[in-house]
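Structure at a glance
Read off the chains here:
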Amino acid sequence: MGASSGAPADEVYELIERVLAEADVPADRVAALATVAARADEPAIVEAARRLGGVPVLAYDAATLAAIAVPTPSPAALAAVGTPSVAEAAALAAAPGGQLIVRKRKSTPPGGRPPTATAALASRPGQ
């Protein structure tokens with residue numbers, strides 16, 4: 001999960017719901033939300049974890065995430081938090097040996113505003 005500072009909680013949670021629906025994964029199968037350490041206390045991410053039943057928020061430092069190969073790196077993420085991937089790299093970090101089942105998706109806020117969140121979904125081996 002990636003989120004800009006001040007991202008709306010509803011926008012973040014709606015993106016999570018969309019990613020889960022795309023993968024046909026029920027919300028109660030989510031084990032954790034993973035993100036970069038710089039955003040772990042972001043209110044929208046904390047609120048999304050609460051709405052998912054109180055799953056933990058796993059935080060990884062930017063260097064750890066930067067070392068993970070991902071299909072869609074982003075210069076914007078690199079500039080903002082020091083790693084070319086937050087959503088995909090954090091999903092993979094939280095599922096060691098697993099694989100992405102949904103690549104990075106961006107939120108779609110109303111009124112043509114720019115997206116403030118990204119999400120990806122990874123599965124753990126054997127799941």
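The text that follows walks through the structure, step by step, so that each part is easy to find. All values reported here derive from a predicted model rather than from experimental measurement.

Counting residues in each nonpolar core, the largest one holds 21 residues, and the members touching the most others are Met1, Val12, Ile16, Leu33 and Leu52. Elements that contribute at least two residues to this core include exactly α1 (9-23), α2 (43-51) and β5 (117-123). When sequence neighbours within four positions are dropped, the list of residues in contact with Met1 reads Val12, Leu15, Ile16, Ala34, Thr35, Ile45, Val86, Ala87, Ala117, Thr118 and Ala119.

Before going further, it helps to spend a moment on the sheet that holds β5. Reading across from one edge, β1-β5-β4 is the order of the three strands in this open sheet, with antiparallel pairing throughout. Looking along the sheet, the strands with just one partner apiece sit at the ends: β1 (2-3) and β4 (99-106). Pairing analysis gives two bridges linking β1 to β5, with the strands arranged antiparallel. What sits directly across from Gly2, in β5, is Thr118.

Running from N to C, α1 and α2 point in directions that differ by 50°, and their axes come no closer than 8 Å. Classified by the angle between their axes, α1 and α2 sit oblique to one another. Considering the relative orientation of α1 and α2, their crossing is right-handed. Judged by residue contacts, Ala9, Asp10, Val12, Tyr13 and Ile16 of α1 engage Ala44, Glu47, Ala48 and Arg51 from α2. Taken together, the residues of the contact of α1 with α2 sort by class into six nonpolar, no polar and three charged.

With that out of the way, let us pick up unusual backbone geometry. One non-glycine residue with positive phi stands out, namely Asp24, at about 55°. Note that Asp24 resides in the loop between α1 and β2 (33-36). Using a relative accessible area of 70% as the deciding quantity, one classes Asp24 as exposed.

As a further point, take the layout of surface pockets. Reported here for the largest pocket is a volume of approximately 530 Å³. Lining the largest pocket are 23 residues; nearest its centre among them are Val30, Ala31, Ala32, Leu121 and Ala122. The element best represented in the lining of the largest pocket is β5, accounting for five residues. Residue classes in the lining of the largest pocket are distributed as 19 nonpolar, two polar and two charged. Taken as a whole, the second largest pocket spans an internal volume of roughly 410 Å³. Along its surface, the second largest pocket is lined by 22 residues, and Ser4, Ser74, Ala76, Ala77 and Thr118 are the ones closest to its centre. Mapped by element, the contributors of at least two residues to the lining of the second largest pocket are β1, α4 (75-81), β4 and β5. Broken down by element, the lining of the second largest pocket gets its largest block of residues, four residues, from α4. Here the lining of the second largest pocket is composed, by residue class, of twelve nonpolar, seven polar and three charged.

For the rest of this paragraph, the subject is the pairing of strand β3 (residues 57-60). Taken residue by residue, a regular strand's side chains alternate between the two faces of the sheet. By the bridge criterion, four bridges tie β2 to β3 in an arrangement that is parallel. Residue pairing in the sheet places Val36 in a bridge with Tyr60 of β3. With α2 bridging β2 and its parallel neighbour β3, the resulting β-α-β unit is right-handed.

Calculation criteria
- Residues numbered from 1 in each chain as written.
- Predicted model: local features only at pLDDT ≥ 70, side-chain atom pairs only at ≥ 80, totals over all residues.
- Heavy atoms only, no water.
- Core = buried A, V, L, I, M, F, W, Y, C linked by side-chain atoms within 4.5 Å.
- Buried < 20%, exposed > 50% of the residue type's maximum accessible area, 1.4 Å probe, protein only.
- Helix = DSSP H or I, 4+ residues; strand = E, 2+ residues; numbered from the N terminus.
- Contact = heavy atoms within 4.5 Å.
- Pairing = 2+ DSSP bridges.
- Axes fitted to C-alpha atoms, helices over the stretch in contact; angles between N-to-C directions.
- Parallel < 35°, antiparallel > 145°, perpendicular 65-115°, else oblique.
- Left-handed = near helix turned anticlockwise from the far one by under 90°.
- Nonpolar A, V, L, I, M, F, W, Y, C, P; charged D, E, K, R; others polar.
- 1 Å grid on protein atoms, 1.4 Å probe; cavity = no way out; pocket = protein on both sides within 12 Å on 5 of 7 lines; lining within 4 Å.
- Points joined across faces, edges and corners; volume = space filled by probe spheres on them.
- Right-handed = clockwise from strand over helix to strand, strands pointing away.

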